[in-house]
Amino acid sequence: MTTPLHTVSAVQQDRIAFRRRSAVRSVLLAAFSTAVVGTLLGVLVTGAPGWDRVRQSFFDPRIAVDWLPEILQGLWLNVRMLVFCALAALALGLLIAVLRTLRGPVFFPVRALATLYTYSFRGLPLIIVIYLMAFGIPGLRLQGTPSVTVLGGAAIVITYGAYLAEVFRAGIESVHPSQVAAARSLGLSYRQSMRFVVLPQAVRRVAPPLLNDTVALQKDVGLISLAGPIDAIRAAQIGVAQTANFTPYVVAGVLFVLLALPLIGITDWVTLRAARRQAGGE
Amino acid sequence: MVLSCTDVRKTFGSAVVLDGLSLDVGEHEVVALIGASGSGKSTLLRCVNLLAEIDDGVIRLDGEDITDPRVDPDSVRQKIGLVFQSYNLFPHMTVLDNITLAPVRVHKRAATAAREQAMEWLDRVGLADKAGSYPDKLSGGQQQRVAIVRALVNSPRLLLLDEVTSALDPELVGEVLTMIRDLKGEGMTMVLATHEMGFARQVADRVAFLDQGRVLEQGPPAQVLGDPVEPRTRQFLARIIEAGRL
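What you see is a predicted model, and the numbers here were worked out from it, not measured in a lab.

1. Looking at the overall build of chain A
Part 1 of the reasoning: Along its length, chain A carries 10 helices and 0 strands.
Part 2 of the reasoning: Mapped from its N terminus to its C terminus, chain A presents α and β elements in the order α-α-α-α-α-α-α-α-α-α.
Part 3 of the reasoning: Here the C-alpha atoms of chain A give a radius of gyration of 26 Å, more than 25% beyond the 19 Å that 2.2 N^0.38 yields for 282 residues.
Part 4 of the reasoning: For the C-alpha atoms alone, the extent of chain A along its principal axes is close to 85 × 70 × 30 Å.
Part 5 of the reasoning: Going through the 282 residues of chain A one by one, you find that 36% of them count as buried.

2. Here we look at the sheet that holds strand S5 (residues 64–65) of chain B
All names here are of chain B.
Part 1 of the reasoning: Taken together, the 4 strands give an open sheet; going across it, the order is S2-S1-S4-S5, and neighbouring strands pair in antiparallel fashion. For this open sheet the edge positions go to strand S2 (15–25) and S5, each flanked by a neighbour on one side alone.
Part 2 of the reasoning: The pairing of strand S1 (residues 3–12) with strand S4 (residues 56–61) spans 5 bridges and is antiparallel. In the strand pairing of S4, serine 4 is matched with arginine 60.

3. Topic: the environment of glycine 244 of chain B
Part 1 of the reasoning: By the secondary structure assignment, glycine 244 of chain B is in the segment after helix H9 (231–242).
Part 2 of the reasoning: With 18 residues separating them in the primary sequence, glycine 244 of chain B and glycine 226 of chain B have C-alpha atoms 15 Å apart.

4. So, the pairing of strand S9 (residues 206–211) of chain B
Residues and elements named next belong to chain B.
Part 1 of the reasoning: Among the 6 residues in S9, 6 count as buried, and that is most of the element.
Part 2 of the reasoning: Judged by which residues are buried, S9 turns out to be covered on both faces: Arg206, Ala208 and Leu210 on one side and Val207, Phe209 and Asp211 on the other are all buried.
Part 3 of the reasoning: Summarising the sheet, strand S3 (residues 30–34) and S9 pair through 4 bridges and their orientation is parallel. Counted as the bridge partner of leucine 33 is alanine 208 from S9.
Part 4 of the reasoning: The turn linking S9 back onto strand S10 (residues 214–219) is made up of 2 residues, and glutamine 212 within it adopts a positive phi angle of 50 degrees.

5. Thoughts on the layout of surface pockets
Part 1 of the reasoning: In this structure, the largest pocket spans a volume of roughly 840 Å³.
Part 2 of the reasoning: Arg184 and Tyr190 of chain A together with Leu50, Leu51 and Arg77 of chain B are, among the 30 residues lining the largest pocket, the residues nearest its centre.
Part 3 of the reasoning: Listing elements by their share of the lining of the largest pocket, those giving two or more residues are helix H3 (61–101), helix H6 (148–174), helix H7 (177–185) and helix H8 (190–220) of chain A together with helix H1 (41–48) and helix H2 (73–77) of chain B.
Part 4 of the reasoning: Here the element with the most residues in the lining of the largest pocket is H7 of chain A; it accounts for 5 residues.
Part 5 of the reasoning: Broken down by class, the residue content of the lining of the largest pocket amounts to 17 nonpolar, 4 polar and 9 charged.
Part 6 of the reasoning: Its boundaries defined by the atoms lining it, the second largest pocket holds a volume of some 290 Å³.
Part 7 of the reasoning: Forming the walls of the second largest pocket are 17 residues, and the residues nearest its centre are Ala86, Leu90, Leu211, Thr214 and Leu263 of chain A.
Part 8 of the reasoning: Looking at the lining of the second largest pocket, the elements that each hand over two or more residues are H3, H8 and helix H10 (247–280) of chain A.
Part 9 of the reasoning: When residues in the lining of the second largest pocket are grouped by element, the largest group, 6 residues, is from H8 of chain A.
Part 10 of the reasoning: Here the lining of the second largest pocket is composed, by residue class, of 15 nonpolar, 2 polar and no charged.

6. Things to note about H9 of chain B
Residues and elements named next belong to chain B.
Part 1 of the reasoning: If you check H9, its first and last C-alpha atoms are 16 Å apart, about what 12 residues at 1.5 Å a residue would give, namely 16 Å.
Part 2 of the reasoning: Of all the positions in H9, only Thr233, Phe236, Leu237 and Ile240 are classed as buried. Buried residues of H9 fall within an arc of 95 degrees about the axis and therefore sit on the same side. When the buried face of H9 is taken as reference, the exposed residues oriented beyond 90 degrees from it are Pro231 and Glu242.
Part 3 of the reasoning: As for H9, its buried residues are in contact with S3, helix H7 (197–203), S9, S10 and helix H8 (221–226).
Part 4 of the reasoning: Positive phi shows up at glycine 244, right after H9, with a value of about 75 degrees.

7. Side note on the interface of chain A and chain B
Part 1 of the reasoning: Taken together, the contacts link 24 residues of chain A with 27 residues of chain B.
Part 2 of the reasoning: Buried surface at the junction of chain A and chain B, summed over both partners, amounts to about 2100 Å²; 59% is from carbon and sulfur atoms.
Part 3 of the reasoning: Inspection of the region where chain A meets chain B yields 1 salt bridge.
Part 4 of the reasoning: Residues arginine 184 of chain A and aspartate 74 of chain B are paired through a salt bridge, measuring 3.1 Å at the closest nitrogen-oxygen approach.
Part 5 of the reasoning: Our count for the contact surface shared by chain A and chain B stands at 6 residue pairs in polar contact (both at pLDDT 80 or more).
Part 6 of the reasoning: Looking at the side of chain A that touches chain B, the elements that each hand over two or more residues are H7, H8 and H10 of chain A.
Part 7 of the reasoning: Across the side of chain A that touches chain B, the residue classes tally to 9 nonpolar, 10 polar and 5 charged.

8. A closer look at the nonpolar core
Soluble, globular proteins show a tendency: their nonpolar side chains are buried together.
Residues and elements named next belong to chain B.
Part 1 of the reasoning: With 49 residues, the main nonpolar core has Ile148, Leu159, Leu161 and Ile180 as its most contacted residues.
Part 2 of the reasoning: Counting residues per element, this core draws most heavily on helix H6 (residues 170–185), which supplies 7 residues.
Part 3 of the reasoning: Both of domain 1 (1–37 + 47–75 + 205–246) and domain 2 (78–187) provide at least three residues apiece to this core.
Part 4 of the reasoning: In contact with isoleucine 180, other than residues within four places in its own chain, are Ile148, Leu161, Val164, Met190, Leu192 and Phe199.
Part 5 of the reasoning: Core analysis: the next-biggest nonpolar cluster, separate from the first, contains 44 residues, Leu23, Leu50, Ile54 and Val191 among them.

About the criteria used
- Within every chain, residues take consecutive numbers counted from 1 along the sequence as written.
- The order in which chains are written sets their letters, starting at A; the order in which ligands are written sets their numbers, starting at 1.
- For a predicted model such as this one, the threshold for reporting local features is a pLDDT of at least 70, and the threshold for listing and counting side-chain atom pairs is 80 or more; totals across whole chains, interfaces and linings nevertheless cover every residue.
- The basis for the side-chain values is all heavy atoms of the structure; hydrogens and waters are excluded.
- In this description a helix means any DSSP run of H or I spanning at least four residues, a strand means any run of E spanning at least two, and both kinds are numbered starting from the N terminus.
- Throughout, the radius of gyration refers to the C-alpha atoms, and the reference size of a globule is 2.2 Å times the residue count to the power 0.38.
- Type-normalised accessible area, obtained with a 1.4 Å probe on protein chains alone, sets the label of each residue: buried when under 20%, exposed when over 50%, and partly exposed for intermediate values.
- We call two strands paired when DSSP finds no fewer than two bridges between them.
- A pocket, in this scheme, is an open set of points on a 1 Å grid over the protein atoms alone with protein on both sides within 12 Å along at least 5 of 7 lines, while a cavity is a set where a 1.4 Å probe fits but cannot get out; residues line either one if an atom lies within 4 Å of a point.
- Grid points are joined across faces, edges and corners, and a volume is the space filled by probe spheres set on the points.
- For this classification, Asp, Glu, Lys and Arg are treated as charged, while Ala, Val, Leu, Ile, Met, Phe, Trp, Tyr, Cys and Pro are nonpolar and the rest, including Gly, are polar.
- The length a helix should cover is 1.5 Å for every residue beyond the first.
- Directions drawn from the helix axis to the C-beta atoms are what define this arc.
- Residue contacts are defined here by distance: any two heavy atoms, one from each residue, within 4.5 Å place the two residues in contact.
- When two components associate, each loses some accessible surface as probed by a 1.4 Å sphere; the sum of these losses over both components is called the buried area.
- Should a side-chain nitrogen of Lys or Arg be within 4 Å of a carboxyl oxygen of Asp or Glu, the pair is scored as a salt bridge.
- Here a polar contact is recorded for every N or O atom pair within 3.5 Å, except that within protein the pair must consist of a potential hydrogen donor and a potential acceptor, and residues adjacent in sequence are included only if both atoms are side-chain atoms.
- In these notes, a set of buried Ala, Val, Leu, Ile, Met, Phe, Trp, Tyr and Cys residues joined through side-chain atoms within 4.5 Å is what counts as a nonpolar core.
- An automatic or database domain assignment is the source of the domain bounds shown.

Pasting the structure below:
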């Protein structure tokens, strides 16, 4: 602690001056190298022999403006599916993770099924699950078969539920056994210990990877276009087919990135807030 | 008898940790368990709290066989408080929430009443200003006192203290020991595993020396610590004196 009366020694002044000089130097160096890399990339891309063709067929502003409304309309379906699928997959993942932690012979079949589920659906490509669900189930011609959109969404929930279950399980297992011992010693039941002591700590710890998987889920929601519903990607595909120009795909891609930004922001905010609350007290 | 252990046996694989241990604790009695690391002190406390399952023998609480598999362990633990060497406070809860968790969720008390009671306790141990803090903002001694309060608000029949000062800096040990001494004054029945021989001598009504999973010798602190009968007890105490802890 330096008091207001403290005079900084010559040695310390020298250190401060040195650190300031190196800070200025590293900022200048970063600016210079960024400029060099940027210029090189620009020259490389725009100077390429096919650049004019590429610009016309991928970055046509007129086509972009023309097709933006259609793609946005499709994106609304992606947004709705994203919200539903993310919430459902998180719930399913949490349920499976908790089931896998149950001990005792009574729960053996439950545990075995949950394990089988996480093993198989993490290995199964999402596209195949979507095809099986969206085309296979209607093929049964059962009464009250839900729409292809719902079936495609279910495929995403089932696949991502398996990933999220493993993330939740890692979180649950990272909570030290002494925490459970403390909870049980107070008379809390297994369920209460899980709910009030283990899961809150587990979820906080794995919040970043959970939300990371949710961002991945958001992209893969676009795969339901394979089953037929007109989402942003399907709308862009129609645009590409009608204009013989790839610009609609670029528009859809940019929209997906923009859609991901808030979720990524929330991930950082949630993580930071939890860390600060535990580290900073009140 | 509040607590009565008879011929308790506990093994971990091929290691026999408790080997036919018997120990009785009467109402308002304070029993100090001493003995080398691995002599079974902590294991005994965990078995009494049913955190570990015994392999043979009987443990009775107020005459009821709590090691009967038909007994609900949760209801037994509600009557026994356990304080750990490493505090084990819940890091994601404030001090106040740590203390009120069991009263509200297990004993179904009203949240406001539980809070009032918790604040009274915190006030008593001089930690009222820490009620809203998270555990990692507290010193070890403060955390351990919170952990003891957390066990006490459930009004246990029996309080088990597992080397509660072993993880503390020497200058913080005193505040925890003072609290335990006060509890004895109020008639709390306690079993404490400890390496603090001086404290065992002051606060315990009886000292039990554990060796190889049995109570080798027990009696008034002055006798066991001052003039032990068994050679192994003498050996143990000689090593403690050598280490400067008596």
